[in-house]
Amino acid sequence: MPARQTSDTPPLRNPLIAAACLFAAAGLVFAAVVFLAPEPETGTAARAALDRPASDDEIIEVAEIPAASPAIFAEGEEDESFSLPGVRETQDVLGGEVEPPPGSNAARALALARVSNVPHAGLYEDGPGGPLPIIAADGRRPSTAYARPFEAEPGTPVIAVIVGGLGVSESLTQAAIDSLPPEITLSFVPYARDLQSWMNRARAAGHEVMIELPMEPFDYPNNDPGPHTLLADASEAENMRRLHWLLSRASGYFGVTNYLGARLSGSEAALARIYREAGERGLTIFHDGAGRPGAASAAAARAGTPLALAERVIDADPSARAIDARLLELEALAIQNGHSLGSGFAYPVTVTALQSWAEGLERRGYQLAPASHVANIREDRAGQGT
């Protein structure tokens, strides 16, 4: 609606004069926008994520961060009294000068950027589905490069828990990543859509991650773990082809674990060849404790590869009471041995039970640890013959 006219501001009756005034006003607005707007850059997804609010459900894809625009960040040319909204904060975060508040959008984006630089140089070769993990020429291993750093408190029993089956259900995966303590290790299904994005998000939240190897169960193919299932009767070349496809589905995982596999465990030679290949690629090998764990241990011994075996499947009976009982058994085993390892699935009841259990763990005299730490303890003790 036009502005109401007053007696001392007569309307413009000449159309040319009105057009000239409008043109001049538009020019001033354009000049202000050009002056205030930063130069456009290519691949600035990380900065955009840091500067704008994001919903809790959003998965932020972080691209490579290019050099800052010299028009804004050139040394010796910036006016300290002038800062575009959000630019100074973003520059400080990316430059490591200021850490954003924990839990903020900027903190989540920064954490994601820090863990998205996988695979690390020297720790991979080309595989059929993507980067395939290897031990670097200087001896670095994926099992240490991608494990969660952890310092144990001397004399305190430690307990580790692996929660698996992640990446298929978006809601279950998101709940596990966001709700579980970061010391809990998360295991992902290799067929998951956007597997790398899920693993990056889990690692940004502090979890170390593993990938699951589908192995032949007794009732295969009626119970089919997927098209690249490792088989008891397959040739070594065929199982290696399948294994390499599985291992090249994503990067940033420190170890592997089984999914099913009771029948494959009965073929010690076939399983030993799989374990040997995974170990020679610098990965830590786990078994979830279900099925025939003794056969898996024998195959690992035959392969000359350490195997970290879970003592309890905490939700074999997926009820809150049964899960609590299995967690108490893990506590008892930790007192007895100094450490214990359990495994479970990302059922809502499992995630809820683990949340409640972990809250009081320190008060009860235990320390929650990533699975890689327990695996290292066992490997060290095996090397010492204890």
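The structure this text deals with has already been given above.
Structure report, in brief. Quantities reported herein were computed from a predicted structural model and do not represent experimental measurements.

Here's the deal with the pattern of salt bridges
In step 1: All chains considered together, the criterion is met by 14 salt bridges.
In step 2: Glu-329 serves as the salt-bridge partner of Arg-312, at 2.7 Å between the closest nitrogen and oxygen. With Arg-312 in strand E9 (residues 312-313) and Glu-329 in helix H13 (residues 320-337), the pair connects residues that are 17 residues apart, well separated along the chain.
In step 3: The exposure class assigned to Glu-329 is partly exposed, which follows from its relative accessible area of 26%.
In step 4: Glu-331 is the partner of Arg-364 in a salt bridge, and the nearest nitrogen-oxygen pair spans 2.9 Å. One end of the pair, Arg-364, is in the loop between helix H14 (348-359) and strand E11 (367-368); the other, Glu-331, is in helix H13, with 33 residues separating them in the sequence.
In step 5: Arg-364 sits in the partly exposed class, given a relative accessible area of 39%.
In step 6: Its relative accessible area of 5% is what places Glu-331 among the buried residues.
In step 7: Taken together, the shared-partner salt bridges connect Glu-125, Glu-277 and Arg-281 into one network.

Description of the nonpolar core
In step 1: Leu-186, Phe-188, Leu-247, Val-256, Tyr-275, Leu-354 and Trp-357 are the most contacted members of the largest nonpolar core, which totals 57 residues.
In step 2: In terms of residue count, the dominant contributor to this core is helix H11 (residues 268-280) (6 residues).
In step 3: Look past the residues within four positions of Tyr-275 in its chain and what remains in contact with it is Met-215, Ile-285, His-287, Ala-296, Ala-299, Ala-300, Ala-303, Thr-305 and Leu-307.
In step 4: Grouped together as the second largest cluster of nonpolar side chains are 20 residues, Leu-123, Ala-147, Phe-150 and Ala-310 included.

Describing the environment of Arg-140
In step 1: Mapped onto the elements of the fold, Arg-140 is located in the loop between strand E2 (131-133) and helix H6 (142-145).
In step 2: For Arg-140, a relative accessible area of 36% gives the class partly exposed.
In step 3: On a C-alpha basis, the gap between Arg-140 and Gly-282 in space is 8.2 Å, while along the polypeptide they are 142 residues apart.
In step 4: Contact partners of Arg-140, with chain neighbours within four places excluded, come to Ala-121, Gly-122, Leu-123 and Ile-135.
In step 5: Separated by 2.9 Å, the side chain of Arg-140 and the backbone oxygen of Ala-121 make a polar contact.
In step 6: A polar contact of 2.9 Å, which involves the side chain of Arg-140, links it to the side chain of Asp-138.

Brief notes about unusual backbone geometry
In step 1: In this model, Val-118 is joined to Pro-119 through a cis peptide bond whose omega is 0°.
In step 2: Among the structural elements, Pro-119 can be located in the loop between helix H5 (105-115) and strand E1 (124-126).
In step 3: Here the residue pair Tyr-220 and Pro-221 is connected by a cis peptide bond, since its omega of 10° sits within 30 degrees of zero.
In step 4: Although it is not a glycine, Asp-194 sits at a positive phi angle of roughly 55°.
In step 5: On the secondary structure map, Asp-194 appears in the loop between strand E4 (185-188) and helix H8 (195-204).

Regarding the packing of H13 against H14
In step 1: Running from N to C, H13 and H14 cross one another at 45°; their axes reach a closest spacing of 10 Å. With respect to H14, the element H13 is oriented oblique. The hand of the H13/H14 crossing is right-handed. Of H14, the residues touching H13 (which contributes Ala-320, Ile-323, Asp-324, Leu-327 and Glu-331) are Val-349, Thr-350, Ala-353, Leu-354 and Trp-357.
In step 2: Looking at the contact of H13 with H14, its residues break down into 7 nonpolar, 1 polar and 2 charged.

Digging into the packing of helix H9 (residues 236-247) against H11
In step 1: The interhelical angle for the contact between H9 and H11, taken along N-to-C directions, is 45°, at an axis separation of 10 Å. Here H9 is positioned oblique relative to H11, judged by the angle of their axes. Pair H9 / H11 crosses with right-handed handedness. In this structure, H9 uses Glu-236, Asn-239, Met-240, Leu-243 and His-244 to contact H11, whose residues at the interface are Arg-273, Ile-274 and Glu-277.

A short note on helix H7 (residues 170-179)
In step 1: The set of residues buried in H7 consists of Thr-173, Gln-174, Ala-176 and Ile-177. Seen along its axis, H7 keeps its buried residues to an arc of 165°; they face one direction. Across H7 from its buried face, at more than 90 degrees, point the exposed residues Ser-171 and Asp-178.
In step 2: Tucked into the core, H7 has its buried residues touching strand E3 (158-166), E4 and H8.

Comments concerning the side chain of Arg-203
In step 1: Tracing the sequence through the fold places Arg-203 in helix H8.
In step 2: Buried within the structure, Arg-203 lacks any salt-bridge partner; its nearest side chain of opposite charge belongs to Glu-208, at an N-O separation of 8.7 Å.
In step 3: At 3.5 Å, the side chain of Arg-203 forms a polar contact with the backbone oxygen of Gly-252.
In step 4: In contact with Arg-203, other than residues within four places in its own chain, are Val-115, Val-118, Tyr-146, Val-209 and Gly-252.

Parameters at a glance
- Residues numbered from 1 in each chain as written.
- Predicted model: local features only at pLDDT ≥ 70, side-chain atom pairs only at ≥ 80, totals over all residues.
- Heavy atoms only, no water.
- Salt bridge = Lys/Arg side-chain N within 4 Å of Asp/Glu carboxyl O.
- Helix = DSSP H or I, 4+ residues; strand = E, 2+ residues; numbered from the N terminus.
- Buried < 20%, exposed > 50% of the residue type's maximum accessible area, 1.4 Å probe, protein only.
- Core = buried A, V, L, I, M, F, W, Y, C linked by side-chain atoms within 4.5 Å.
- Contact = heavy atoms within 4.5 Å.
- Polar contact = N/O pair within 3.5 Å; in protein donor to acceptor, adjacent residues only side chain to side chain.
- Axes fitted to C-alpha atoms, helices over the stretch in contact; angles between N-to-C directions.
- Parallel < 35°, antiparallel > 145°, perpendicular 65-115°, else oblique.
- Left-handed = near helix turned anticlockwise from the far one by under 90°.
- Nonpolar A, V, L, I, M, F, W, Y, C, P; charged D, E, K, R; others polar.
- Arc of directions from axis to C-beta.
- Lys, Arg positive; Asp, Glu negative; His and termini not counted.

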